[in-house]
Amino acid sequence: MTVMLVFTLYFLVPIWWLFVAGTKSSSQFTSTNPLWFADINLIQNITNLVAYRDGVFLTWMLNSALYAGAGALLATLFAGMTGYALAKYRFPGRELLFNIVLGGVLVPATALALPLFLIFSQVSLTNTFWAVFLPSLVSPFGVYLTRIFAAASVPDELIEAARLDGAGEVRTFFTVSVRLMFPALVTVFLFQFVAIWNNFFLPLIMLRDETLFPVTLGLYAWNSQVNQIPELRGYVLIGALLSIIPLIILFLLLQRFWRSGLGAGSVK
Amino acid sequence: MRITKRAATVALLTAATVALSGCSTTASTTDTAGDCAPADGTVNLTFTSWIPGIEDVVDVWNEANPGIQVAVQTGPNGNGGTYANFFNQLEAGNAPDLGQIEYDALPNFRVQDGLVNLASCDGVMDAQTDFVDWTWGQVSFNEDDAVYAIPQDAGPMAMFYRADLFAANNIAIPTTWAEFATAAEQVRATGSYITNFSQSDINQFAGLVWQAGGTWFGNDGNDWSVNLTDDTSIRVADYWQDLIDRDLVSTQPPWTTEWDNAYNTGAAWTWNSAAWGANSIASGAPDTAGNWAVAPSPQWVAGDAASGNWGGSSTAVFTGSEHPYEAAKFALWLNTSSESLTLLNESANLYPAAKSGLELPVLKEGVEFYGDQAIYDVFATASSQVSPDFVWGPTMTQTYNDVSDGFKAAVSGNGTLAEALASGQTATIDALKAQSIPVKE
C-alpha cells in the first residue's frame, strides 16, 4: 500500500507541479513555493500564450490534433485490416509476413527517422504535412494486437454465416468483425494517438516551417530559447500543461474500452 | 524536459554521425570562391534561423527587395537539433540557402565542406571593416581571402554584480581575479556566495580562458591542434577549483529555478556573463530590480583590459545554394543595417557584431533594471578587448559534453576541473581522428 502511494505520488507530483507553475506569474514562479499556489494567473497566462506570435501555439495544437487524430484513425484501420487478414485468411507467407511485422515492433522509431528523411528528401516531401503524417500510419504493434484479438474473438463460424448470407469479404469485415474487434481497435487507436502526439524526433528532423509543427516540437523549440528570451519559460510551462489535456480527456473517455482490449490481448 | 533534451541530443548526434560518415566521400563540389554572380529574375532564398521574431525582420527585407525574396524556416536552437538537421539536409542535398550558425559550430561545418566561401561575393570583403575585429576572425578562421559567414551577434563578457550588497557590506568591487577571490571570502562571511560556478556551461568557461589569453584549438592550414590543457587553461581551472574547494562559490546547475532563485534572493552576488545575459538576470531575479550594475570582468593582471566572449552567431550560406550572390547580399543587410539590428535586439536581445550596431540608440540608453546605468557601454568596450586569436574546434559539441561531464563530477567532489580538461583533450583528439580530421598531437 505504502509502495503504491509512493509511486502514485511519484507520477502525480510532476503534473501537480506543472499545474501550480502554470497558474503563477513569472515573477512569482521563482520566488514562491513550487508546490503551492501564489496568485492565480492561469487565465492571464493562457491569454498571453494564445496571443504570443499571432497564436502560433493554437496552430501547433491543431496540427497535433490532426497528426494524432487522423493518423491514429487511419493507422488503426490499416492495422485492424492487416491483423484481421493475418488471423482469418490462410495464404502462403502468412507467418513470414507476421514475423516481419513483429520485427518492426522492435525497431525504435528514432532509428528510422533519418532514413525516412533521406527517402522523403528524394521525393521532395520533407517539410510538408505528409512527412510526419505518412510514417505515423504504420503501427506494427497494432497489427500484432489486432491479429491476436481477431483470432480469439471473431469466430470462423460467424464469418462463414456472413458469407452464406451473401456479404462480401469487405462488408463482413466492416459490419461484423470490426464490432467484435472493437476493444482491440480502441486500444490500438489510443496507443497510436499517444505515440503520434508525443512523437518528437520525426517532426524535428522533417519540419522547418513553424506552421506545420506539432505542439511537442513547438514547445521544445521555445524551450531551447529560454536562455535568451526568458519569458518563453512561462509559455513553455503553460503550453505543456495545455498540451496534456487532450491526452487526459481521451484516456478518460476511452478507458472502459482499452482496459478490456489490453487484457484480452495478453491472456488468450 | 531536461532528460528529453539530452536524449534528443544524443539521438541527433548519432543521426548526424551516420549522415556525415556518408558525407565525407561526396563533398567535392565546394569552395566555389571564384563564382559569385547575380542571377536573372526574381530569386527565392530559404533561411533557417531560430531567433524568435526574425520573420518580422525578413519581412522588412522582402518589402524592400522584390527581386530577392527570403522565406524563413525555424526550429530549436543549433545544438538543440538544428545543426544536426543542417548536416542531414546537406547530405540529402536540400539544405537551405542560408542558416544561422554559432561561431563555435562554424569549424564543424567548414571541415565538412558545408559552407560557401563568400569572399568573391560583391561587398563581402569590404564589409570586414564594418564588423568588430574578432568577430571577423571567427568567420574567416584567419585564412586569406576567405569568409565563410557574416557575423551576426556577439557575447562580450563583463561582470554583473549586486551594487547594493557590495556597498552595504563595504566590500570593494573586484577588478582583478585575485581581488575577486578575496571578495569571495568576504561575501561568504555574510552567508552568501560571490557567484555560481556553472558546471555545464563550458562555453562560459571557454570565455574565461579566452579572456586569460588561452586558445583551445589551432589550425595551421593542414593540421588541427588541441590545447585544452595549456598553461592558461589550467591556471583558470585551478583558480576556480580553489574557490570550489573552499566553498566560496555555489555550484547550482545553471538556468534552473534554483539558479534564478539564488540571484533573486541575494544568495549569489555576481555573474560573469555576456551582453545577452542582462535579460536573463532581469527576468530570473525580478525582485532585485534596480540593485544590479555592470563592471568590466576582473583581470588576471592589474591594469590589463582583456575580455572574453560567450556565444554569438553568424549567418552562413550553405554548399548547394544556387544564389550565393543574393544570399550574401541579404546576410550583409541582416547583420549591418540599423533597421535590422534594432529589430533583432528588440525581439531577441541580440547584441550586434557590427560596429555600427554598438552605437544603436537603444544600446546607449540607461537600463532601469541596472539602476539606469548605460550598461551596454561596458559591453561595447569589452567587445573591443576580445582577442581575435581564439579558435573553435570542429567537434565542439563532443568537447563540451566531455568537459561538462568532468566539470559536473568535479563540483560534486570527484576529480578536478583540470582533470576534466585533460580528459576532454584526449576525447577531442580521439573524436577528430575518428572523423579523419588531421590532428597534431
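Because the structure is predicted, anything quoted here is derived from the model rather than measured.

Cut-off values and rules
- Residues numbered from 1 in each chain as written.
- Chains lettered and ligands numbered in written order.
- Predicted model: local features only at pLDDT ≥ 70, side-chain atom pairs only at ≥ 80, totals over all residues.
- Heavy atoms only, no water.
- pLDDT = per-residue confidence, 0-100.
- Contact = heavy atoms within 4.5 Å.
- 1 Å grid on protein atoms, 1.4 Å probe; cavity = no way out; pocket = protein on both sides within 12 Å on 5 of 7 lines; lining within 4 Å.
- Points joined across faces, edges and corners; volume = space filled by probe spheres on them.
- Helix = DSSP H or I, 4+ residues; strand = E, 2+ residues; numbered from the N terminus.
- Nonpolar A, V, L, I, M, F, W, Y, C, P; charged D, E, K, R; others polar.
- Pairing = 2+ DSSP bridges.
- Axes fitted to C-alpha atoms, helices over the stretch in contact; angles between N-to-C directions.
- Buried < 20%, exposed > 50% of the residue type's maximum accessible area, 1.4 Å probe, protein only.
- Expected span 1.5 Å × (residues − 1).
- Bend = angle between axes of the 7 residues up to and from the residue.
- Domains from an automatic or database assignment.
- Buried area = accessible area lost by both parts, 1.4 Å probe.
- Salt bridge = Lys/Arg side-chain N within 4 Å of Asp/Glu carboxyl O.
- Polar contact = N/O pair within 3.5 Å; in protein donor to acceptor, adjacent residues only side chain to side chain.

1. Focus: the confidence of the model for chain B
Residue and element names in this part refer to chain B.
And then number 1: A residue-level look at chain B finds 92% of positions with pLDDT of 70 or above and a mean pLDDT of 90.
And then number 2: Confidence over residues 1-8 falls short of pLDDT 50; this stretch has ten contacts with residues more than four positions distant or in other chains.
And then number 3: Between residues 13-33, whose pLDDT stays under 50, and residues either more than four places distant or in other chains, the model counts 26 contacts.
And then number 4: Across the interfaces of the predicted complex, the ipTM metric reaches 0.83, alongside a pTM of 0.86.

2. What about empty space enclosed by the protein?
And then number 1: This model, assessed by the stated rule, comprises four cavities of 30 Å³ or more.
And then number 2: For the largest cavity, the calculated volume is near 120 Å³.
And then number 3: Lining the largest cavity are 18 residues; nearest its centre among them are Arg53(A), Glu210(A), Trp50(B), Thr74(B) and Gly75(B).
And then number 4: Of all elements in the fold, only α13 (215-223) of chain A together with α2 (54-64) of chain B reach the threshold of two or more residues within the lining of the largest cavity.
And then number 5: The biggest single contributor to the lining of the largest cavity is α13(A), with three residues.
And then number 6: Looking at side-chain class alone, the lining of the largest cavity contains nine nonpolar, six polar and three charged residues.

3. Some remarks on the side chain of His323(B)
And then number 1: Tracing the backbone through its elements, the reader meets His323(B) in the loop between β10 (313-317) and α12 (324-336).
And then number 2: Sequence-distant contacts of His323(B), defined by excluding residues within four places in its chain, comprise Ala39(B), Val43(B), Leu45(B) and Asp97(B).

4. Things to note about the sheet that holds strand β4 (residues 149-151) of chain B
The strands that make up a sheet are held in pairs by hydrogen bonds between backbone atoms, and each pair lies either parallel or antiparallel.
All names here are of chain B.
And then number 1: Ordered in space as β2-β1-β3-β10-β4, the five strands form an open sheet in which the pairing is mixed. Every other strand in the sheet has two partners, leaving β2 (68-73) and β4 as the edge strands with one partner each. The sheet shows a mean angle of 30° between the axes of neighbouring strands, taken without regard to direction.
And then number 2: Pairing between strand β3 (residues 98-102) and β10: five bridges, direction antiparallel. Bridge pairing in β10 places isoleucine 101 opposite serine 314.

5. Some remarks on the environment of Ile202(B)
Residue and element names in this part refer to chain B.
And then number 1: Within the secondary structure layout, isoleucine 202 lies in helix α8 (residues 202-212).
And then number 2: The class for isoleucine 202 is buried, based on a relative accessible area of 1%.
And then number 3: Put simply, isoleucine 202 and alanine 305 are 103 residues apart on the chain and 23 Å apart in space, counted from C-alpha to C-alpha.
And then number 4: In contact with isoleucine 202, not counting residues within four places along its chain, are Trp216, Tyr400, Val403, Ser404 and Phe407.

6. Examining helix α1 (residues 2-22) of chain A
Residues and elements named next belong to chain A.
And then number 1: For α1, with 21 residues, the first-to-last C-alpha span of 30 Å sits near the 30 Å given by 1.5 Å per residue.
And then number 2: A bend of about 35° at leucine 12 is the largest found in α1, and the proline proline 14 appears one to four places after it.
And then number 3: Inspection of α1 places Leu18, Val20, Ala21 and Gly22 among the buried residues, and these make up the whole buried set.

7. Quick word on the domain arrangement of chain B
Reports of interface size often rely on the accessible area that becomes lost once the parts have come together.
All names here are of chain B.
And then number 1: Domains assigned within chain B are domain 1 (43-155 + 311-363) and domain 2 (157-308 + 389-435).
And then number 2: Domain 1 and domain 2 are separated by 28 Å when their C-alpha centres are compared.
And then number 3: Across the boundary between the two partners, domain 1 contributes 14 residues, which contact 17 residues of domain 2.
And then number 4: Sorting the residues of domain 1 by area buried against domain 2 places Asp104, Gly155 and Asn349 first, and these three jointly supply 38% of that buried surface.
And then number 5: At the boundary of domain 1 with domain 2, the tally comes to zero salt bridges.
And then number 6: Between domain 1 and domain 2 we count seven residue pairs in polar contact (both at pLDDT 80 or more) in total.
And then number 7: Going through the elements one at a time, α4 (106-111) and α5 (133-140) are the ones with two or more residues in the side of domain 1 that touches domain 2.
And then number 8: Looking at the side of domain 1 that touches domain 2, the element that brings in the most residues is α4, giving three residues.
And then number 9: For the side of domain 1 that touches domain 2, the per-class residue count stands at six nonpolar, seven polar and one charged.

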